[in-house]
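Per-entry structural report
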Amino acid sequence: MTELIVQNVHKYLGGLHILKGASFTASRGSIVSLLGASGSGKTTLLRCVAGLEQPENGVIKIGGKAVLDGEKRMTVAPENRNIGLVFQSYALWPHRTVAENVAYGLRLRGVNKADTEKRVLDTLGNIGLGHLAERYPDQLSGGQQQRVAICRALVYQPKVLLMDEPLSNLDAKLREEARYWIRKLVLDLEICAVLVTHDQAEALAASDNILLLRDGAVAQEGAPQEIYDRPKSFFAADFLGANNVASGRISRNASGTRIQGDGWSLDGVVLGEGEDGDGKAVIRVEQVAVHGQPGPGRIEMRLEACLFLGDRWEYRLAWGAFRAKAFGTRPLASGQVWAEIPRQSVWLFPEAA
Ligand SMILES: Nc1ncnc2c1ncn2[C@@H]1O[C@H](COP(=O)(O)OP(=O)(O)OP(=O)(O)O)[C@@H](O)[C@H]1O
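These figures come from a predicted structure and were not determined experimentally.

**Notes on the sheet that holds strand E19 (residues 322–328)**
- If you trace the 5 strands from one edge of the open sheet to the other, you get E16-E20-E17-E18-E19, paired in antiparallel fashion. Both outer strands of the open sheet, strand E16 (289–291) and E19, are each paired with one neighbouring strand and no more. Each adjacent strand pair in this sheet contributes to an overall mean axis angle of 45°, direction not counted.
- Where strand E18 (residues 313–319) and E19 come together, 7 bridges link them in antiparallel fashion. Note on E19: the bridge partner recorded for leucine 317 is alanine 324.

Printed below as a string of structure tokens:
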């Protein structure tokens with residue numbers, strides 16, 4: 001069931017057109033990530049959904065009810081939108097216990113003591129924090145504090161949980177764990193969540209749908225695998241994944257399409273729009289396989305360096321002016337090697353005419 005509908009939202013700030021017609025929907029039991037570089041408008045879009053910013057244009061509906069209608073100049077206050085908000089800074093009250101922190105908003109809303117206690121304990125239990133209810137924030141780890149912040153948002157039983165970079169204060173290991181449990185929580189509780197992140201790994205791992213924002217507009221929307229495997233533009237291809245990017249001349253003939261640079265050429269598939277001529281190739285690093293011997297479809301390249309990354313080796317390859325990275329499981333001596341780069345993995349983007 002669709003809980004959140006955002007249609008054609010425009011927002012101006014300081015005289016600048018910050019959001020340029022953003023639209024998306026989110027269903028119960030799913031996570032939508034707003035992904036993009038710094039300044040792309042992720043937080044502004046989330047704040048518009050929360051009611052903390054008033055868009056000049058657009059429609060936002062939560063649980064089937066309009067909370068914003070730009071044309072009718074209708075807007076519903078944040079506290080009446082049925083949302084839970086989690087910010088990057090957990091903003092816990094230091095002198096209140098975990099239970100008191102979670103209960104605070106319910107008290108403000110006049111929920112009686114018995115109901116508050118039950119809801120707080122249920123929510124803490126759901127999130128695995130029941131045993132920490134009487135602790136103070138400074139007696140908790142960063143990961144636990146972040147869970148309390150999420151608990152505080154969930155205690156209102158919101159239809160939509162809005163999270164702005166909720167994992168960015170955690171170290172890398174905790175972040176990976178948090179991605180997993182936030183996803184599990186949203187699925188278990190069957191709520192709808194919107195996650196702002198600039199971290200592509202987080203968006204790919206945690207979400208059902210990704211909205212890739214660029215300069216206040218949606219560059220591409222889709223399931224993580226779809227957006228990763230079938231980018232529609234050079235921007236989307238380059239933003240996600242670890243990539244080899246090369247500039248050259250794209251030409252089409254009867255047998256297919258090819259990109260050519262100084263001393264190198266590769267067959268590929270055109271994903272972008274435009275004419276033959278100057279363009280770019282994007283090749284995901286994991287699509288390049290390096291061998292010690294020649295073979296069908298292999299290209300002779302020069303291995304310039306081999307770096308140990310712990311769980312794998314990184315090879316630095318050269319072919320004329322073409323430079324590429326590849327990964328492998330063993331060290332290789334510098335010199336002649338043979339690379340396999342499947343044609344369907346060489347994505348070609350002609351420069352827009
Ligand atoms: N109050 C404001 N007045 C003017 N411009 C603003 C205001 N708030 C944000 N902006 C601008 O709007 C653009 C989008 O900001 P926003 O915070 O939504 O981006 P973001 O994608 O969330 O970035 P980050 O990842 O750095 O938080 C930026 O260029 C920012 O400078």
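Having seen it, we continue.
**Details of the site of the ligand**
- As a matter of local geometry, the ligand sits amid 13 residues, with Leu13, Gly14, Ser38, Thr43 and Thr44 nearest to it.
- At the level of elements, strand E2 (16–27) and helix H1 (42–50) are the ones that each hand at least two residues to the shell around the ligand.
- Its residues assigned to classes, the shell around the ligand shows 3 nonpolar, 9 polar and 1 charged.

**Notes on the domain arrangement of the protein chain**
- Splitting the protein chain by domain gives domain 1 (2–231) and domain 2 (242–350).
- Put simply, the middle of domain 1 and the middle of domain 2, counted by C-alpha atoms, are 40 Å apart.

**Concerning the packing of helix H2 (residues 98–108) against helix H3 (residues 113–126)**
- With their axes 9 Å apart at the nearest point, H2 and H3 run at an angle of 130° to one another. Classed by the angle they form, the pair H2 and H3 counts as oblique. Between H2 and H3 lies a crossing whose hand is right-handed. Contacts between H2 and H3 involve Ala99, Val102, Ala103, Leu106 and Arg107 from the former and Thr116, Arg119, Val120, Thr123 and Leu124 from the latter.
- A class-by-class count of the residues in the contact of H2 with H3 yields 6 nonpolar, 2 polar and 2 charged.

**Section: the environment of alanine 333**
- Residue placement: alanine 333 occurs in the loop between E19 and strand E20 (335–340).
- Residue classification places alanine 333 among the exposed positions, given that 9 C-beta atoms sit within 10 Å.

**Considering the sheet that holds strand E12 (residues 243–253)**
- Pairing is mixed in the closed barrel, where 5 strands are placed in the order E12-E13-E14-E21-E15. Looking at each pair of strands side by side, their axes are set apart by 50° on average, direction ignored.
- Pairing of E12 with strand E15 (residues 277–284), which is carried by 8 bridges, proceeds in the antiparallel orientation. Residue pairing across strands places isoleucine 250 opposite glycine 277, the latter belonging to E15.

**Side note on the confidence of the model for the protein chain**
- Considering every residue of the protein chain, the mean pLDDT works out to 92; 100% of them sit at 70 or more.
- Interface confidence in the predicted complex, given as ipTM, is 0.93; pTM for the same model is 0.90.

**A few points about unusual backbone geometry**
- Even without being glycine, asparagine 8 reaches a positive phi, approximately 50°.
- Tracing the backbone through its elements, the reader meets asparagine 8 in strand E1 (residues 2–13).
- At arginine 73, a residue that is not glycine, the phi angle is positive and equals roughly 55°.
- Turning to its location among the elements, arginine 73 is positioned in the loop between strand E5 (65–69) and strand E6 (74–75).

**A word on the nonpolar core**
- One finds Val49, Val102, Leu162, Ala193, Val194 and Ala281 to be the most contacted residues of the largest nonpolar core, which totals 88 residues.
- Here this core takes 6 residues from helix H4 (residues 142–154), the largest share from any one element.
- Built from parts of two domains, this core gets at least three residues from each of domain 1 (2–231) and domain 2 (242–350).

**Let's talk about the environment of glycine 328**
- Inspection of the secondary structure assignment puts glycine 328 in strand E19.
- A tally of 16 C-beta atoms within 10 Å means that glycine 328 is categorised as partly exposed.
- Along the backbone, glycine 328 and glutamate 286 are 42 residues apart, and their C-alpha atoms lie at a distance of 9.0 Å.
- Filtering out sequence-adjacent residues up to four positions away, glycine 328 remains in contact with Val290, Arg312, Trp313 and Tyr315.

**A closer look at the pairing of strand E9 (residues 192–197)**
- Buried residues dominate E9, accounting for 6 of its 6 residues.
- Burial along E9 is two-sided: the residues Cys192, Val194 and Val196 and Ala193, Leu195 and Thr197 are all buried.
- Relative to E9, strand E8 (residues 160–164) runs parallel, the two sharing 5 bridges. Residue pairing for E9: leucine 161 is matched across the bridge by alanine 193.
- With helix H5 (residues 172–189) bridging E8 and the parallel E9, this β-α-β connection has right-handed handedness.

**Topic: H3**
- In a regular helix each residue adds 1.5 Å, so 14 residues correspond to 20 Å; H3 covers 20 Å between its end C-alpha atoms and thus fits that length.
- Just beyond H3, the residue with positive phi is glycine 128, at close to 75°.

**Some details on the UniProt feature "domain: ABC transporter" (unreviewed entry) in the protein chain**
- The UniProt entry lists residues 4–240 under the feature "domain: ABC transporter" (unreviewed entry), expressed in the numbering used here.
- The span residues 4–240 shows a helical share of 35% and a strand share of 29%, and its end C-alpha atoms are spaced 26 Å apart.

**Considering H5**
- Helix length check: H5, at 18 residues, gives a terminal C-alpha distance of 26 Å against a target of 26 Å (1.5 Å per residue), a fit within 8%.
- Those residues of H5 that are buried are in contact with strand E3 (30–36), H4, E9 and helix H6 (200–206).
- Backbone geometry just after H5 places glutamate 190 at a positive phi near 55°.

Thresholds applied
Residues numbered from 1 in each chain as written. Predicted model: local features only at pLDDT ≥ 70, side-chain atom pairs only at ≥ 80, totals over all residues. Pairing = 2+ DSSP bridges. Helix = DSSP H or I, 4+ residues; strand = E, 2+ residues; numbered from the N terminus. Axes fitted to C-alpha atoms, helices over the stretch in contact; angles between N-to-C directions. Near = placed C-beta within 6 Å. Nonpolar A, V, L, I, M, F, W, Y, C, P; charged D, E, K, R; others polar. Domains from an automatic or database assignment. Parallel < 35°, antiparallel > 145°, perpendicular 65-115°, else oblique. Left-handed = near helix turned anticlockwise from the far one by under 90°. Contact = placed C-beta atoms within 7 Å. Buried ≥ 20, exposed ≤ 12 C-beta atoms within 10 Å, placed from the backbone. pLDDT = per-residue confidence, 0-100. Core = buried A, V, L, I, M, F, W, Y, C linked by C-beta atoms within 7 Å. Right-handed = clockwise from strand over helix to strand, strands pointing away. Expected span 1.5 Å × (residues − 1). UniProt positions renumbered as here; feature names shortened; annotations may be inferred.

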